[in-house]
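Letter by letter, the chains look like this.
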Number of protein chains: 2
Amino acid sequence: MARMIEKSDPLLRAQKLVGKKFDLLIIDSISSRKGRSHFNEIVKDIPTINPRILSIRLKDLERNNLITKSLVLGTPVKTEYALTDSAERLGEIISELKKWAEKHK
Amino acid sequence: MARMIEKSDPLLRAQKLVGKKFDLLIIDSISSRKGRSHFNEIVKDIPTINPRILSIRLKDLERNNLITKSLVLGTPVKTEYALTDSAERLGEIISELKKWAEKHK
DNA sequence: CGGGATCCCAGGCGATACTG
DNA sequence: CAGTATCGCCTGGGATCCCG
């Protein structure tokens, strides 16, 4: 008999993947720019984030296959963050969550 | 011209409403019991939660109109927590989030 | 432009014990 | 059964400055 303990497992997993303070905001920001953003564009969308945190979160999201990072050569070199397919699907859920939050109460 | 600053407002709002560690787990637990649960039933569903935290979270969720609390007279008296309509709608989003988390990667 | 290095801080959470 | 009382911790995040 399987353990009931695992009833909430998928949610715990979601939490580990995108549960930190700015994670959904970051994904939503990239999503709103059609799936590709530069570092400072995200900062513009989330004025309260600080570069250190953004940097940490981006790396973590990358490790977890939510975003990909690529370099755009030129002067200066730019970085470009893009959502993975999975993260784009999450983006739709985030969009529903936003609608929900706006209506709530 | 509206402030761009507010681009991520609904998400920040959602975060304040249900952004703490166990919030989604609690709502999902009640939801899985057809919208009504007792204190210790929630504890059974979320073995890692401790009574103090659950108590705090339930009060906060109640204040924010996500759950309602009522007493069921009898011996002993029981408390019953139910989801509000709004929280039930959130429950559907949580359900999608769970599916997403299971498929991811 | 896109970060890294340091230092610091609060608050959210864990553990344990107790109660109406 | 359904919580409350204490206490301590630790991690995530804020502030500031700096660099290739």
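Now for a look at the structure at hand. This structure is a prediction, so every number in the text was calculated from the model and none was measured.

## Regarding the relation of the copies chain B and chain A
(1) Moving on: Take chain B, turn it by 180 degrees, move it 0.0 Å along the axis, and it overlays chain A with an RMSD of 0.1 Å. Accordingly, the operation relating the two chain copies is best matched by a two-fold axis. For chain B, the residue whose C-alpha comes nearest the rotation axis is B:Ile93, separated from it by 3.4 Å.
(2) Moving on: Counting the interface residues of chain B, we find that 100% of their copies in chain A are interface residues as well, pointing to one common contact surface.

## Observations regarding the layout of surface pockets
(1) Moving on: Roughly 160 Å³ of internal volume is contained in the second largest pocket.
(2) Moving on: In terms of lining, the second largest pocket is formed by A:Glu96, A:Lys99, A:Trp100, A:Lys103, B:Arg89, B:Glu92, B:Ile93 and B:Glu96.
(3) Moving on: Those elements that place two or more of their residues in the lining of the second largest pocket are helix H5 (85-103) of chain A together with helix H5 (85-103) of chain B.

## Brief notes about the environment of B:Ser31
(1) Moving on: In this fold, B:Ser31 is placed in helix H2 (residues 23-32).
(2) Moving on: Expressed as a C-alpha distance, the spacing of B:Ser31 and B:Glu92, which sit 61 residues apart in the sequence, is 9.3 Å.

## Thoughts on the pattern of salt bridges
Residues and elements named next belong to chain B.
(1) Moving on: For the structure shown, the criterion picks out 14 salt bridges over all chains.
(2) Moving on: Taking the shortest distance from any N to any O, the salt bridge between Glu41 and Arg33 comes out at 4.0 Å.
(3) Moving on: Classification of Glu41 by relative accessible area gives partly exposed; the value is 23%.
(4) Moving on: Look at Arg33 and you get partly exposed, because its relative accessible area is 27%.

## A few points about the protein's contact with DNA strand D
(1) Moving on: Around DNA strand D, 17 residues are found, and the nearest of them are A:Lys21, A:Arg52, B:Ser55, B:Lys59 and B:Tyr81.
(2) Moving on: Counted by atom, the contact set of DNA strand D within 4 Å of the protein is 62% sugar and phosphate.
(3) Moving on: A distance of 2.7 Å separates a phosphate oxygen of DNA strand D from a polar atom in the side chain of B:Lys59.
(4) Moving on: B:Lys69 is positioned such that a nitrogen or oxygen atom in its side chain is 3.0 Å from a phosphate oxygen of DNA strand D.
(5) Moving on: Contributing elements (two or more residues each) for the surface near DNA strand D: helix H4 (51-63) of chain A together with helix H3 (39-45), helix H4 (51-63) and strand E3 (78-83) of chain B.
(6) Moving on: When residues of the surface near DNA strand D are assigned to their parent elements, the largest contribution, four residues, is made by H4(B).
(7) Moving on: Broken down by class, the residue content of the surface near DNA strand D amounts to five nonpolar, five polar and seven charged.

## Overview of the nonpolar core
(1) Moving on: Counting 52 residues, the largest nonpolar core has A:Ile26, A:Leu66, A:Leu90, B:Ile26, B:Leu66 and B:Leu90 as the members making the most contacts within it.
(2) Moving on: With residues up to four places along the chain from it excluded, the contact list for A:Leu90 reads A:Val18, A:Ile27, A:Leu66, B:Leu97 and B:Trp100.

## Describing the protein's contact with DNA strand C
(1) Moving on: Around DNA strand C, the structure places 18 residues, and the nearest of them are A:Arg52, A:Ser55, A:Lys59, A:Tyr81 and B:Arg52.
(2) Moving on: Taken together, the sugar and phosphate atoms account for 65% of what DNA strand C places within 4 Å of the protein.
(3) Moving on: In the model, a phosphate oxygen of DNA strand C is placed 3.1 Å from a nitrogen or oxygen of the A:Thr79 side chain.
(4) Moving on: For the surface near DNA strand C, the secondary-structure elements that each account for two or more residues are helix H3 (39-45), H4 and strand E3 (78-83) of chain A together with H4 of chain B.
(5) Moving on: No other element matches the four residues that H4(A) contributes to the surface near DNA strand C.
(6) Moving on: Classifying every residue of the surface near DNA strand C gives six nonpolar, five polar and seven charged.

## Comments concerning the interface of chain B and chain A
(1) Moving on: Counting from both sides, the interface comprises 36 residues of chain B and, opposite them, 36 residues of chain A.
(2) Moving on: Buried area between chain B and chain A, summed over both chains or domains, comes out near 3500 Å², and the portion from carbon and sulfur atoms is 65%.
(3) Moving on: Where chain B packs against chain A, one counts zero salt bridges.
(4) Moving on: Taken together, chain B and chain A are joined by twelve residue pairs in polar contact (both at pLDDT 80 or more).
(5) Moving on: Put simply, the parts of the chain that give the side of chain B that touches chain A at least two residues each are helix H1 (9-18), H2 and H5 of chain B.
(6) Moving on: In terms of residues, the side of chain B that touches chain A owes the most to one element, H5(B), which gives eleven residues.
(7) Moving on: For the side of chain B that touches chain A, the residue count by class is 16 nonpolar, seven polar and 13 charged.

The rules we used
- Residues numbered from 1 in each chain as written.
- Chains lettered and ligands numbered in written order.
- Predicted model: local features only at pLDDT ≥ 70, side-chain atom pairs only at ≥ 80, totals over all residues.
- Heavy atoms only, no water.
- Least-squares fit on C-alpha atoms with pLDDT ≥ 70 in both.
- Contact = heavy atoms within 4.5 Å.
- 1 Å grid on protein atoms, 1.4 Å probe; cavity = no way out; pocket = protein on both sides within 12 Å on 5 of 7 lines; lining within 4 Å.
- Points joined across faces, edges and corners; volume = space filled by probe spheres on them.
- Helix = DSSP H or I, 4+ residues; strand = E, 2+ residues; numbered from the N terminus.
- Salt bridge = Lys/Arg side-chain N within 4 Å of Asp/Glu carboxyl O.
- Buried < 20%, exposed > 50% of the residue type's maximum accessible area, 1.4 Å probe, protein only.
- Near = heavy atom within 4 Å.
- Polar contact = N/O pair within 3.5 Å; in protein donor to acceptor, adjacent residues only side chain to side chain.
- Nonpolar A, V, L, I, M, F, W, Y, C, P; charged D, E, K, R; others polar.
- Core = buried A, V, L, I, M, F, W, Y, C linked by side-chain atoms within 4.5 Å.
- Buried area = accessible area lost by both parts, 1.4 Å probe.

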